[in-house]
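# Overview (structure and organization)
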Amino acid sequence: DSMAQRRGIKCSLCTKALKKIQTLAGDNPDESAVTAALQKGCRLLGRVMGRMCQWLVKRYREPITEGLQNGDTPRVICTAMGICKS
């Protein structure tokens, strides 16, 4: 089913983007570290993935920021946003 397939692609994109952002934000990031990492992380993913990443960041800024500050894994954050299945 193409919807599930698309969701799988979105899920892997979400986790990949958040892994990159998490690395850039460092351990125990404050809000400004997360914001800087969100902007920089999307640029590092290339044009197509970067565009999806920016959309993700705009739409889900709060849960991403909270998740990163709580030390949640990218998979947990993407699942909480409803992009990945648990």
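Residues numbered from 1 in each chain as written. Predicted model: local features only at pLDDT ≥ 70, side-chain atom pairs only at ≥ 80, totals over all residues. Heavy atoms only, no water.

The name given to the chain in an unreviewed UniProt entry is SAP protein, with the source organism recorded as Hypocryptadius cinnamomeus.

## Regarding the overall build of the chain
Put simply, the rule is: Helix numbers and strand numbers start at the N terminus; a helix is a DSSP run of H or I with at least 4 residues, a strand a run of E with at least 2. For the radius of gyration, the atom set is restricted to C-alpha positions; the globular benchmark scales as 2.2 Å times the number of residues to the power 0.38. Residue burial is assigned from relative accessible area. The probe radius is 1.4 Å, only protein chains are included, and a residue is buried under 20% of its type maximum, exposed over 50%, and partly exposed in between. Pairs of residues are marked as contacts when any of their non-hydrogen atoms sit within 4.5 Å. Methods summary: accessible areas were calculated by the Shrake-Rupley approach with a probe of 1.4 Å, and residue burial reflects only the protein chains presented. Two residue types count as positive, namely Lys and Arg, and two as negative, namely Asp and Glu; His and chain ends fall outside the count. Every charge is mapped to an atom, namely NZ of Lys, CZ of Arg, CG of Asp or CD of Glu.
Of the regular secondary structure elements, the chain holds four helices and zero strands. In sequence order, the chain lays out its α and β elements as α-α-α-α. Taken over C-alpha atoms, the radius of gyration comes to 12 Å for the chain, in line with the 12 Å a tight globule of 86 residues would show. Principal-axis analysis of the C-alpha atoms places the extent of the chain at approximately 40 × 30 × 20 Å. Expressed as a percentage of the 86 residues in the chain, the buried residues total 35%. Across the chain, the fraction of contacts at a sequence separation of at least 24, relative to all contacts at a separation of at least 6, is 59%. Of the roughly 5,500 Å² of accessible surface on the chain, 50% is carried by carbon and sulfur atoms. Seen as two clouds, the 15 positive and the 7 negative side-chain charges of the chain have centres 14 Å apart.

## Focus: the packing of aromatic side chains
The condition is simple: Only Phe, Tyr and Trp rings are paired, with Trp represented by its six-membered ring, and only when their centres lie within 6.5 Å; those with planes under 30 degrees apart are stacked, over 60 edge-to-face, the remainder tilted.
Overall, the coordinates contain one aromatic pair when judged by the stated rule. On the basis of an interplanar angle of 85° and a centroid distance of 6.2 Å, the ring pair of Trp55 and Tyr60 is categorised as edge-to-face. Here Tyr60 falls in the buried class, since its relative accessible area comes to 15%.

## Here we look at the environment of Ile64
Relative to the elements of secondary structure, Ile64 occurs in helix α3 (residues 47-70). Note: C-alpha distance between Ile64 and Met81 (17 residues apart in sequence) is 8.5 Å. Look past the residues within four positions of Ile64 in its chain and what remains in contact with it is Leu18, Leu38, Leu56, Val57, Ile77 and Met81.

## Topic: the side chain of Thr15
Its place among the elements puts Thr15 in helix α1 (residues 2-25). Dropping the residues within four chain positions of it, Thr15 is found in contact with Pro74, Arg75, Cys78 and Cys84.

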